[in-house]
Amino acid sequence: MSCWETIADYALRSVGVGERLLPRSDFTLCQQVVLIGSGMIWNVYFGVLALFAGFFLATAVALGKAAQNPLLRKPAEWFIFLFRGSPLFIQFFFAYFLFLSLKQVAPFFTPLTSAWAGALVVLFLNTAAYSGEIFYGALLSVPKGDTEAADAYGFSGWPRFRRVIWPTMLRLAWPAYTNEAIFLFHATTLVYFSGFPAFQQRGDALYYASYFADKTFNPFVPYPILAGYFILLTLLLIGLFGLINRRLNRHLPQERREKMRLRLNLIR
């Protein structure tokens, strides 16, 4: 089988398109690159949707934690504490068995026992908690002069938040939020190593890398391929978030613009 035939058969296998059976022997480098790359589709799916939805929930959680009303502040504080205080791997296990129990009560929860929905919910809540804490810290760091200027111009309530506080909060939080986004995409590799099963062996990139490592007894080919894909994805995220960061800081002098720095989370 040529490499082009391998691409045609396995490039979209992780989403159910192409050859159903995985190769069993005589594994080629092309097969490993293509199948691991096919699994990256799921990693990107989980990361993009969880990050997009979590951004808005994180903003609401940060505002809730900064609120004076304890009915808003306490739920936000406990939400952040719960998801930041427990390992993500345990959250996947707990959520899967919780969804299985809820499925027996109401069929409405059936999709949540599948990774495409259930694991996405866990990642969404987890990143919202971490990002909410980042946004909360940035919210407290908004310069008092900015809010005083908004008051002087007659802004109050929602216009004041939308036009003054929120942009400043994002500008201050963006470098740390970029690192959270990178970690989130790396954390997607835990999905199929937790309780959520891979339907018909349609797993993510780490699932296929582990498959080849188990079959060939040689982890030094599939895992570096997997690392290469995630390095490329990380560089793409840094570039994209860097463009947004420049947009957020476009009004500042060049020497005052904060540079993007990658800070890896070694333990979480």
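One can find the structure itself at the top, above this paragraph.
Everything numeric in this text was worked out from a predicted model, so none of it was measured.

Q: For the overall build of the protein, give the residues involved together with the corresponding values.
A: Looking only at helices and strands, the protein has nine helices and zero strands in total. Its helices and strands taken in sequence order, the protein reads α-α-α-α-α-α-α-α-α from the N to the C terminus. The principal-axis extent of the C-alpha atoms belonging to the protein is close to 70 × 50 × 30 Å. Residue burial in the protein is summarised as follows: out of 268 residues, 43% are buried. In the protein, 74% of the contacts between residues at least 6 apart in sequence involve partners at least 24 apart. In the structure as shown, the protein presents an accessible area of about 14,800 Å², 67% of it carried by carbon and sulfur atoms.

Q: Please provide a residue-by-residue account of the state of the cysteines, values included.
A: Applying the stated criterion to the full structure yields one disulfide. Sulfur-sulfur distance for the disulfide between Cys-3 and Cys-30 comes to 2.1 Å. Residues Cys-3 and Cys-30 are joined through a disulfide that is right-handed, its torsion about the S-S bond being 80 degrees. Residue Cys-3 is found in helix α1 (residues 3-10), and its partner Cys-30 is found in helix α2 (residues 29-66); the two are separated by 27 residues along the sequence.

Q: Which residues make up the packing of aromatic side chains, and what values do they have?
A: For the structure shown, the criterion picks out 25 aromatic pairs. Both rings, one in Phe-89 and one in Phe-93, keep their centres 5.1 Å apart while their planes meet at 70 degrees; by these two values the pair is edge-to-face. In this pair, Phe-89 and Phe-93 both sit in helix α4 (residues 88-105), four residues apart, roughly one turn of the helix. Geometrically, the ring pair formed by Tyr-207 and Tyr-208 is edge-to-face, given 5.6 Å between the ring centres and 90 degrees between the ring planes. Site record: aromatic cluster; members linked through ring pairs are Phe-52, Phe-55, Phe-56, Phe-135, Trp-166, Trp-174, Tyr-177 and Phe-241.

What counts and what doesn't
- Residues numbered from 1 in each chain as written.
- Predicted model: local features only at pLDDT ≥ 70, side-chain atom pairs only at ≥ 80, totals over all residues.
- Heavy atoms only, no water.
- Helix = DSSP H or I, 4+ residues; strand = E, 2+ residues; numbered from the N terminus.
- Buried < 20%, exposed > 50% of the residue type's maximum accessible area, 1.4 Å probe, protein only.
- Contact = heavy atoms within 4.5 Å.
- Areas by Shrake-Rupley, 256 points an atom, 1.4 Å probe, with all protein chains shown as cover.
- Disulfide = S-S within 2.5 Å.
- Phe/Tyr/Trp six-rings, centres within 6.5 Å; stacked < 30°, edge-to-face > 60°.

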